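Structure at a glance
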Amino acid sequence: MASLNGTSHNPIDDELDFSDIEAKYRVDFDDGFDSIIVVDGVPVIDKSKLDRLLTKICKEFSRRGAVIKQDEIFVPWDDNAGKSKGFIFVDLGNPDAAAFAAGAMNGHPFDAKHTFRINRFTDIERYASIDETYVEPAVEEYRPKEHLRAWLADSQGRDQYVTYRGDDVEIHWHGKPSQCEVAYAKKNWTELYASWSPLGTYFATLFRQGVRLWGGPSWEPQHRFAHPLVKLMDFSPCENYLVTWSHDPISVPTNLPQGPEFFSPEDEGNNIAVWDIKSGHLLRTFPTTTYENEDPALKKQMQWPALKWSSDDKFVARVTPGQHISVYELPTMGLHDKKSLKIEGVVDFEWCPHGEKDKEDAEKAAKTEKTEKGAKKKENMLAYWTPEVANQPARVTLISFPTRTVLRQKNLFNVTECKLHWQNQGDFLCVKVDRHTKTKKSIFCNLEIFRVREKDYPVEVVELKDTVTDFSWEPKGERFAIVSSNDPNLGNPGPGITIKTDISFYQLDRAKNDFKLLRTLASRTSNTIRWSPRGRHVVLATVGSSTKSELEFWDLDFNTEERREGQNVKEEWGSGIQQLGSADHYGVTDVEWDPSGRYLATSASAWRHTLENGYAIWDFRGQELEKHILDRFKQFIWRPRPRSLLTKEQQRLIRKNLREYSRAFDEEDAAEESNVSAELVAHRKRLLDEWNAWRARCKRDIAEEKRSRGQKLNGEHHEEEKEEIEEWIDEVIEQSEEIVE
């Protein structure tokens, strides 16, 4: 059949439906609006300032990797007022570029008064046509999250530590021998090393792609920070921020995802990154600090941590050697007061730690949001030193922050090097000053000790004739220990040579307001001092030596227990210092106390040598509790504990009633001991029963064997009775004798 227009018509076409095929292969044509974004929060201007505004907007977009041109921007105008309307349209050319620009620039601070808020043009249309009928959302099932500090609620009060051996990482519970066990183990958990956060909340591991944080009883991943080829990391004291460093400068490929948790083009070339732990956002990046010194022999290695935090996480600072100290405010990471501390020749600085009382006062102030009438909030404090330049002496300076008030200065002469050592409660600052004679042929040491809590910050000087190689304050105390030596091999020890050292203990004499020598331990080989976190006990160790590996355990208040028991003990300076024990751990490379101050761990890392790697745990008296020789052993770290939630008064009451509390623990120990004894008795009884059963079985076997042998003998006897026996008898009848000739 022919149609009216002359074409043939197939009746089958009337019966076929191609709608499904057309729907499957339908091509959606671009309407041109997906590439457009709407930028709100733009300053309202007149037409005379348009070029300047567009130039700055293009610059801000380019800094975040979204390159635009002025002819791609449309500015709506209010014809009556002759001014812009405070928003603009930007055509990025394609939807992907529009999505990238919206993510990178949304929330970007354009200036102090304007912040960009960006939406895609198609989203605005979609929001305008949205159904306004309220639909009650479905209630999601509540899934409780694991508590990141759940380990503190352990019923047995155990601590944890991590070991890294080969590719295996294990987290252990540590307590009594019957309570020690592996809490969690994972293979290839890290590629470089592992670390705990300062309060023990997070466990951090490093990979080629960046840093991962883990936590909770199940050790689920909590956060990730994408810093390729990261080598070092450092936490802020309150665990709010993380600093990462890579030797390779940051590079941003074109296909890298964009967002607040990723690097942007403006970060390229930097090495250091600062992250917000809770949000995972990148706050700022920095280049590696270089020392401005033309002499290659005087160049130093990169200082780590490169950024130093105030104790309250409010400020972080970095030094540009010889020029200035830059202090940044958190969480914006903006330069404080928009200017650095210009300090000519500055070498190093340290923040003052906050003591327990300072932290309690800060918490009270934060809760009430105001201090008592007439009281002042505790300011942060930092100390820095500058070397001798021309006729200017070396100088140590204390300043408060953020007021930048100079609190104290001390001039020093003939200075070679200074080291700043704060006591952990912020009560004292010791400046270890290495000085040279006028001929510069020999080095000696002075200790300049600032009493920070007292008026006008008085300074006490301890003069020493030898070189001090190690200095350590007693935690929460007024004592310190030093390692000194006048060994001629100190500067350049050869292989197999052990440096002879002296260990000295000093204490503040309140009556005379100076530090007095308590005792000197002469002719030692110890080069490392490790105080217990609780104070009082100290370990002197020989670390890093191929010939010596001694450990000495000392108690600096040995007579205190006798005084408590009412014995008449004459108290003299240094009389309470007593050695509790000595030990040896061959090849020891690391020495670390546990948070309770009752146990000490020593380890020999394969990162230093490959001889008898492993770790050992000792009690505070030097008794070895366990030792493990493990090939390819790399790392041992105790898990830190946060500050106690108990007040000073509550702690005092617990110490007062300690005997009552200890009864419950004594009963547990006795029950555990009885359980162990019962198990031992049951084991011995089982062995004895097995022995008796074996003996009875042997007796039965022997009796059975005897019985069978007896029956056999009786059968042979009956057969002998039936035999016929013939007997031959010779009888002499007559005997004659005949002689033959």
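Rules and cut-offs
- Residues numbered from 1 in each chain as written.
- Predicted model: local features only at pLDDT ≥ 70, side-chain atom pairs only at ≥ 80, totals over all residues.
- Heavy atoms only, no water.
- Helix = DSSP H or I, 4+ residues; strand = E, 2+ residues; numbered from the N terminus.
- Buried < 20%, exposed > 50% of the residue type's maximum accessible area, 1.4 Å probe, protein only.
- Areas by Shrake-Rupley, 256 points an atom, 1.4 Å probe, with all protein chains shown as cover.
- Pairing = 2+ DSSP bridges.
- Axes fitted to C-alpha atoms, helices over the stretch in contact; angles between N-to-C directions.
- Phe/Tyr/Trp six-rings, centres within 6.5 Å; stacked < 30°, edge-to-face > 60°.
- Lys NZ or Arg CZ within 6 Å of the ring centre and 35° of its normal.
- Salt bridge = Lys/Arg side-chain N within 4 Å of Asp/Glu carboxyl O.
- Core = buried A, V, L, I, M, F, W, Y, C linked by side-chain atoms within 4.5 Å.
- Contact = heavy atoms within 4.5 Å.
- Patch = residues over 30% accessible without salt bridge, like charges linked within 9 Å, V, L, I, M, F, W, Y side chains within 5 Å.
- Expected span 1.5 Å × (residues − 1).
- Arc of directions from axis to C-beta.
- pLDDT = per-residue confidence, 0-100.

This paragraph deals with the overall build of the chain. Looking only at helices and strands, the chain features 8 helices and 43 strands. Scored against the burial criterion, the 741 residues of the chain give a buried share of 38%. As displayed, the chain offers around 46,400 Å² of accessible surface, 49% of which is attributable to carbon and sulfur atoms.

Ordered in space as E31-E32-E33-E34, the 4 strands form an open sheet in which the pairing is antiparallel. Either end of the sheet is taken by a strand with one partner, and the two such strands are strand E31 (467-473) and strand E34 (514-524). Averaged over neighbouring strand pairs, the angle between their axes works out to 20 degrees when direction is ignored. Bridge count between strand E33 (residues 501-509) and E34: 8 bridges; the pairing is antiparallel. Residue pairing across strands places Phe505 opposite Arg519, the latter belonging to E34.

Bringing the packing of aromatic side chains into the picture now. In the structure shown here, the tally under the stated rule is 38 aromatic pairs. Between Phe61 and Phe116, the ring centres sit 6.2 Å apart and the planes meet at 40 degrees, which makes this aromatic pair tilted. Of this pair, Phe61 sits in helix H2 (residues 50-63) while Phe116 sits in the loop between helix H3 (95-105) and strand E6 (117-120), placing them 55 residues apart in sequence. Their ring planes at 25 degrees and their centres at 4.6 Å tell us that Tyr161 and Phe636 sit as a pair that is stacked. Taken as a pair, Tyr161 in strand E7 (residues 159-165) and Phe636 in strand E43 (residues 633-638) lie far apart in primary sequence, 475 residues in all. For Tyr161, a relative accessible area of 3% translates into the label buried. According to the relative accessible area criterion, Phe636 is buried, its value standing at 8%. Here a set of aromatic residues connected by ring pairs shows up, and it is made of Tyr184, Trp189, Trp196, Phe203, Trp214 and Trp219. Positioned above the aromatic ring of Trp214 is the side chain of Arg212, whose terminal nitrogen or guanidinium carbon lies 5.2 Å from the ring centre.

What follows concerns unusual backbone geometry. Here the residue pair Trp304 and Pro305 is connected by a cis peptide bond, since its omega of 5 degrees sits within 30 degrees of zero. Inspection of the secondary structure puts Pro305 in the loop between strand E17 (282-286) and strand E18 (308-309). Following Leu330, the chain continues into Pro331 via a peptide bond in cis, with omega recorded as 10 degrees. Although it is not a glycine, Glu239 sits at a positive phi angle of roughly 65 degrees. Relative to the helices and strands, Glu239 is located in the loop between strand E14 (232-235) and strand E15 (241-245).

With antiparallel pairing, 4 strands are arranged side by side in an open sheet as E23-E24-E25-E26. Taken across any chain shown, the strands that pair with only one partner, and hence form the sheet edges, are strand E23 (348-351) and strand E26 (406-412). In this sheet, neighbouring strand axes are inclined to one another by 15 degrees on average, regardless of whether the strands run parallel or antiparallel. With 6 bridges connecting them, strand E25 (residues 394-401) and E26 associate as antiparallel partners. When the sheet's bridge partners are listed, Leu398 is paired in E26 with Arg408.

Here we come to the pairing of E25. Among the 8 residues that make up E25, 7 are buried, leaving the element largely enclosed by the rest of the structure. When strand E24 (residues 380-386) meets E25, the two strands line up antiparallel, connected through 7 bridges. In the strand pairing of E25, Tyr384 is matched with Thr397.

Scanning all chains against the criterion turns up 29 salt bridges. Across the salt bridge formed by Asp427 and Arg453, the nearest N and O atoms sit 2.8 Å from each other. Here the residue Asp427 occupies a position in the loop between strand E27 (415-422) and strand E28 (428-436), and Arg453 occupies one in the loop between strand E29 (443-451) and strand E30 (459-464), the gap between them amounting to 26 residues. You can call Asp427 partly exposed: its relative accessible area is 23%. Judged by its relative accessible area of 39%, Arg453 is partly exposed. Close ionic contact of Asp434 with Lys432 constitutes a salt bridge, the shortest N to O distance being 3.4 Å. For the pair formed by Asp434 and Lys432, the shared burial category is buried.

What follows deals with the nonpolar core. Core analysis: the biggest nonpolar cluster contains 23 residues, and Ile37, Val39, Ile57, Phe61, Ile73 and Phe116 have the highest contact counts within it. When residues of this core are traced back to their parent elements, those giving at least two are strand E1 (36-40), H2, strand E5 (87-91) and H3. Sorting elements by how many residues they give to this core places H2 first, with 5 residues. Judged by nonpolar contacts, the second largest core, of 20 residues, contains Val396, Trp422, Leu429 and Val431.

In this section: the environment of Pro595. Following the sequence through the fold, Pro595 ends up in the loop between strand E39 (590-593) and strand E40 (599-604). On a C-alpha basis, the gap between Pro595 and Trp638 in space is 7.5 Å, while along the polypeptide they are 43 residues apart. Dropping the residues within four chain positions of it, Pro595 is found in contact with Asp159, Pro533, Arg534, Trp638, Arg639, Pro640 and Arg641.

A contiguous nonpolar patch, built from Leu646, Ile654, Leu658, Tyr661 and Phe665 and spanning about 470 Å² of accessible area, is present on the exposed surface. Considering each element in turn, the nonpolar patch owes the most residues, 3 residues, to helix H8 (residues 658-721). Looking at where Ile654 falls in the secondary structure, it is placed in helix H7 (residues 648-656).

This brings us to the side chain of His174. Counting through the fold element by element, His174 comes out in strand E8 (residues 168-174). Judged by its relative accessible area of 5%, His174 falls in the buried class. Discounting chain neighbours no more than four positions away, the residues touching His174 are Arg158, Asp159, Tyr161, Cys180, Tyr599, Ile617, Glu626 and Trp638.

By the secondary structure assignment, Lys83 is in strand E4 (residues 83-84). Look at Lys83 and you get partly exposed, because its relative accessible area is 42%. Distance from Lys83 to Asp46, taken between C-alpha atoms, is 4.5 Å for residues 37 residues apart in sequence.

A few words now on H2. With 14 residues, H2 should cover 20 Å at 1.5 Å per step; its first-to-last C-alpha distance of 20 Å lies within 8% of that length. Every buried residue of H2 is accounted for by Leu53, Leu54, Ile57, Cys58, Glu60 and Phe61. Buried residues in H2, looked at end-on, bunch into an arc of 165 degrees, giving them a common side. Those residues of H2 that are exposed and aimed more than 90 degrees away from the buried face are Asp51, Arg52 and Lys59. Check the buried side of H2 and you find it contacts E1, strand E2 (73-74), E5, H3 and E6. Following H2 by one or two positions, Gly65 has its phi on the positive side, about 90 degrees.

This part takes up the side chain of Thr320. Topologically, Thr320 is positioned in strand E19 (residues 315-320). In contact with Thr320, other than residues within four places in its own chain, are Thr289 and Val346.

The next point concerns H3. Every buried residue of H3 is accounted for by Ala98, Ala101, Ala102, Ala104 and Met105. Among the structural elements, E1, H2 and E6 are those in contact with the buried residues of H3. Taken from the residues just after H3, Gly107 is the one with a positive phi, measuring 85 degrees.

Residues with a pLDDT of 70 or more make up 86% of the chain, whose mean pLDDT is 85. Contacts from residues 292-299, a stretch scored under 50 in pLDDT, to residues over four places away or in other chains number 4 contacts. Contacts for the low-pLDDT stretch residues 562-570, under 50 throughout, to residues beyond four places or in other chains number 6 contacts.

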